[in-house]
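This is what each chain is made of:
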Amino acid sequence: MNHQDVPDRPVEPPQLPSTPQDSVVTGPVPQQAATPQGSAEASPAHSTNRGKAWKVSFVVVLVAVVAGLLWLALWLQANADTAAPSNANGALETAVTPAATPLAAPREAVPPAEYALGDCFKDFEPEALATTVVPCATGHSAQLVSLFRYPKDATYPGADAMKAKALEACQAAVLGSAANDYTLEFQRSYPSSTSWDSGDRRVDCYVTAAAGNVINASVLP
């Protein structure tokens, strides 16, 4: 407590001067106005100290809040960087640019790694190790209409992630008017962990006809 503005307590009550009739004052002795410790006149010092303490507390809380927000922002940024794997990068292809040159004749035993966007396939099986690529103007049962390429340095994202990526590729596929002439469905193909280790980085989306080699035109625009 700050006592600088509080007068000292009198050691003894002050005495009034003697009167001619009495040498000693026997009645109540009036006290000199003094401010005892803890009196109302000391309240300004208490109020000032409480005000200062409140301001200091407010500043401390404010600094703590700002520091917390900065830490949260840095933590979110660090986790965003960590949560963004290289698998998020890649290239989605939905259009043949430039337009594919029509095949003059079928190509037999073509492995999946050599399939190109827009290729048409006879007797297509998504899990086959090779198939026959034919001109799209001849009877075929499937066509590669969209694909996604992962970066070469990407880590294997897992089967579920690639299923989702293949679904995205099919949803992004743009089909031409010829697709309306056939009953088609989408089929997806993506690397296994073994083929990934061998360098396979492509997720494919095909349109296929359950009736077999009944498609006689490209279904791409």
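Here the structure is shown first, and the text comes after it.
Residues numbered from 1 in each chain as written. Predicted model: local features only at pLDDT ≥ 70, side-chain atom pairs only at ≥ 80, totals over all residues. Heavy atoms only, no water.

What about the state of the cysteines?
For clarity, the cut-off: Only a pair of cysteine sulfur atoms within 2.5 Å qualifies as a disulfide here. Strands here are runs of E lasting at least two residues and helices are runs of H or I lasting at least four, both read from the DSSP assignment and numbered beginning at the N terminus. Burial status follows relative accessibility: with a 1.4 Å probe on protein chains alone, a residue under 20% of its type maximum counts as buried, one over 50% as exposed, and anything between as partly exposed.
Under the defined criterion, the tally for this structure stands at two disulfides. The disulfide partner of Cys120 is Cys136, and the S-S distance across this bridge is 1.9 Å. An S-S torsion of about 95° defines the bridge between Cys120 and Cys136 as right-handed. Placement of the pair is Cys120 in strand β3 (residues 120-122) and Cys136 in the loop between β4 (131-134) and β5 (142-149), with a sequence separation of 16 residues. For Cys120, a relative accessible area of 1% puts it in the buried group.

A look at the environment of Ser192
Topologically, Ser192 is positioned in the loop between β6 (185-189) and α3 (193-197). The class of Ser192 is partly exposed, set by a relative accessible area of 38%. For the pair Ser192 and Gly158, spaced 34 residues apart in sequence, the C-alpha separation works out to 8.5 Å.

Side note on the nonpolar core
A general feature of soluble globular proteins is that nonpolar side chains tend to end up buried together. Worth spelling out the cut-off: Only buried Ala, Val, Leu, Ile, Met, Phe, Trp, Tyr and Cys residues count toward a nonpolar core, and they belong to the same one when joined by side-chain atoms within 4.5 Å. Any two residues whose heavy atoms approach within 4.5 Å are treated as being in contact.
Listed in full, the 11 residues of the largest apolar core are Val145, Ala169, Cys170, Ala173, Ala179, Cys205, Val207, Ala209, Ile215, Val219 and Leu220. Looking at this core, the elements with two or more residues in it are α2 (159-172) and β7 (202-208). Once residues within four sequence positions are removed from consideration, Leu220 is found in contact with Thr94, Val96, Gly118, Gln143, Leu144, Val145, Val174 and Gly176. Ranked by size, the runner-up nonpolar core spans 10 residues in total, among them Leu117, Ala142, Leu144 and Leu147.

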